[in-house]
Amino acid sequence: MINITNSAVGQIRKLGQEKAAEGQKLRIFVEAGGCSGFEYGMSFDNKKEGDHVLSSNGVEFLVDATSLEYLDGSEVDFDDGLSGKGFEVKNPNASSTCGCGRSFN
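Residues numbered from 1 in each chain as written. Predicted model: local features only at pLDDT ≥ 70, side-chain atom pairs only at ≥ 80, totals over all residues. Heavy atoms only, no water.

## Let's talk about the pairing of strand E2 (residues 25-32)
Two elements, E2 and strand E3 (residues 38-45), share eight bridges in a ladder whose sense is antiparallel. Counted as the bridge partner of Leu-26 is Phe-44 from E3. One ladder, built from two bridges, connects E2 with strand E5 (residues 59-63); its direction is parallel. What sits directly across from Arg-27, in E5, is Leu-62. (Pairing = 2+ DSSP bridges. Helix = DSSP H or I, 4+ residues; strand = E, 2+ residues; numbered from the N terminus.)

Following this line, the structure appears as structure tokens:
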């Protein structure tokens, strides 16, 4: 399970109206890269074979099977305060994270 906080839900809906094409959902994924070995990513995309369609706080989103292994139990938050980082993934599976909040090991 991946939890999306209320503050992230609002921002995802706003971005979806601005950037998503008809029928696209938010995709949350993990890819090799970043300063700690793996990097979080988000985009609007169409469902692909093997994707899991998950839901949290009324938002449906896509996660591929490999990314779900890394992200299970995570929380996606959005911070728009003075020193806000934007979207941030709080991942209990990460052994270490980078100060940027987008990279983990």
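Once you've had a look at it, read on.
## Brief notes about the environment of Arg-27
Turning to its location among the elements, Arg-27 is positioned in strand E2. Judged by its relative accessible area of 7%, Arg-27 is buried. Spatially, the C-alpha atoms of Arg-27 and Phe-44 are 5.7 Å apart, while their sequence positions differ by 17 residues. A polar contact is formed between the side chain of Arg-27 and the side chain of Asp-51, at a distance of 2.6 Å. (Buried < 20%, exposed > 50% of the residue type's maximum accessible area, 1.4 Å probe, protein only. Polar contact = N/O pair within 3.5 Å; in protein donor to acceptor, adjacent residues only side chain to side chain.)

## Concerning the sheet that holds strand E1 (residues 3-4)
Across the sheet, which stays open at both edges, the three strands sit in the order E1-E6-E7 with mixed pairing between neighbours. Every other strand in the sheet has two partners, leaving E1 and strand E7 (86-90) as the edge strands with one partner each. Bridge analysis of E1 against strand E6 (residues 75-79) gives two bridges, and the strand direction is parallel. Residue pairing across strands places Asn-3 opposite Glu-75, the latter belonging to E6. Set on the sheet, helix H1 (residues 6-19) makes contact with E1, E6 and E7; between it and E6 the angle comes to about 75°. (Contact = heavy atoms within 4.5 Å. Axes fitted to C-alpha atoms, helices over the stretch in contact; angles between N-to-C directions.)

## Comments concerning the pairing of E6
Two faces make up the sheet, and in a regular strand the side chains alternate between them. As judged from the five bridges shared by E6 and E7, these two strands associate in the antiparallel manner. Bridge pairing links Phe-78 to Phe-87 in E7.

## Notes on the side chain of Gln-11
Along the polypeptide, Gln-11 turns up in helix H1. Residue contacts for Gln-11: discarding those within four places in its chain leaves Phe-78 and Phe-87.

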